[in-house]
Amino acid sequence: MRHPLVMGNWKLNGSRQMVNQLIADLRQELSSVDGCDVAIAPPFVYLDLAKHTLSGSRILLGAQNADINLSGAFTGETSANMLKDVGTKYVIIGHSERRTYHKESDELIAEKFAVLKEAGLIPVLCIGETETENEAGQTEAVCARQLDAVLKTMGAAAFEDSVIAYEPVWAIGTGKSATPAQAQAVHKFIRGHIAKHNADVAAKVIIQYGGSVNAGNAAELFSQPDIDGALVGGASLKADAFAEIVKAAAKAKK
Ligand code: 13P
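Now for a look at the structure at hand. (Residues numbered from 1 in each chain as written. Predicted model: local features only at pLDDT ≥ 70, side-chain atom pairs only at ≥ 80, totals over all residues. Heavy atoms only, no water.)

The local shell around the ligand holds 13 residues, among which K11, H95, G173, S212 and G234 are the closest. Contacts to the ligand include N9, whose side-chain N or O atom sits 3.0 Å from an oxygen atom. Take G233: an N or O atom from its main chain is 2.9 Å from an oxygen atom of the ligand. Surface burial for the ligand is 94%, taken as the share of its 310 Å² of free accessible area covered by protein chains. (Near = heavy atom within 4 Å. Polar contact = N/O pair within 3.5 Å; in protein donor to acceptor, adjacent residues only side chain to side chain. Areas by Shrake-Rupley, 256 points an atom, 1.4 Å probe, with all protein chains shown as cover.)

Turning our attention to the pairing of strand β1 (residues 5–9). By the criterion of burial, β1 is predominantly enclosed, with five of the five residues buried. When β1 meets strand β2 (residues 37–41), the two strands line up parallel, connected through five bridges. Each residue of the ladder has a partner; that of M7, found in β2, is A39. The parallel pair β1 and β2, bridged by helix α1 (residues 16–29), forms a crossover whose chirality is right-handed. (Buried < 20%, exposed > 50% of the residue type's maximum accessible area, 1.4 Å probe, protein only. Helix = DSSP H or I, 4+ residues; strand = E, 2+ residues; numbered from the N terminus. Pairing = 2+ DSSP bridges. Right-handed = clockwise from strand over helix to strand, strands pointing away.)

Extensive coverage of strand β3 (residues 59–63) is indicated by the burial of four of its five residues. Relative to β3, β2 runs parallel, the two being bridged by three bridges. Within β3, the position partnered with V38 by the bridge is I59. With respect to chirality, the unit in which β2 leads through helix α2 (residues 47–53) into the neighbouring parallel β3 is right-handed. Alignment of β3 against strand β4 (residues 90–93), held across two bridges, turns out to be parallel. Note that in β4 the partner of G62 across the bridge is Y90. You can see the chain leave β3, run along helix α3 (residues 80–85) and come back into β4, and the turn it takes is right-handed.

This paragraph deals with the pattern of salt bridges. Overall, the coordinates contain 12 salt bridges when judged by the stated rule. Notably, a salt bridge pairs D106 with R99, separated by 2.8 Å at the nearest N-O pair. By the burial criterion, D106 is buried, and R99 matches it. The partner of E131 in a salt bridge is K176, and the shortest N-O contact between them spans 3.0 Å. Pair noted here: E131 is in helix α6 (residues 131–135) and K176 is in the loop between β6 (163–166) and α8 (180–195), with a separation of 45 residues, a long-range link. When its relative accessible area of 37% is taken as the criterion, E131 is described as partly exposed. (Salt bridge = Lys/Arg side-chain N within 4 Å of Asp/Glu carboxyl O.)

Structure (structure tokens):
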């Protein structure tokens, strides 16, 4: 049985004041909820503050990116070891915003995946098709290509203790979520693709859905057998909405 994971990707949002307030509110809202792992991924500069503010709670810490290098002359970068040092557990890689705005390739993302595993961190590998690719019927081919970059270099065993987030690019920040049936079909495909290499790992890997998840659509998404939680953007900035999503996952996956 897979344990659901709901993670908030704060993207480029936050302040010291917001970190303190949002975490205090989340701690209160989630104090009696179990049955779902919960994590938040604030911007790098607030990770240390968030870790301290989360102290004693069951909410885990995630980061939004990592460099492939561990140290040295790489101005502006943050290493996996540094993220580990401040208490990060999960690291989002391959987010479509990084693929688009920072031109990150499948190969670079696979390298990041390897570096994170080596550091003992849990990669949250984002994959998903654009609207054009979706309309051209290329959803499965795109997801397969993005998974293959990791499978080719690391094999299916790499997905043990790793997380995949299916985030159709057309659903991110648009308010236009995939329907539960649409998302389920792709999640099933993703699990099947990993199963071709290792059925045991495929059965265990957490596959989150991401893209306009909110308190209203979460329960139906989580009712699908291959949707193991969510990577939440906008709604993770509001404690009550995020807590509702976590509660829906805990309830659906009991
Ligand atoms: P929204 O929930 O704002 O659509 O963002 C999803 C996302 O990109 C999470 O990584």
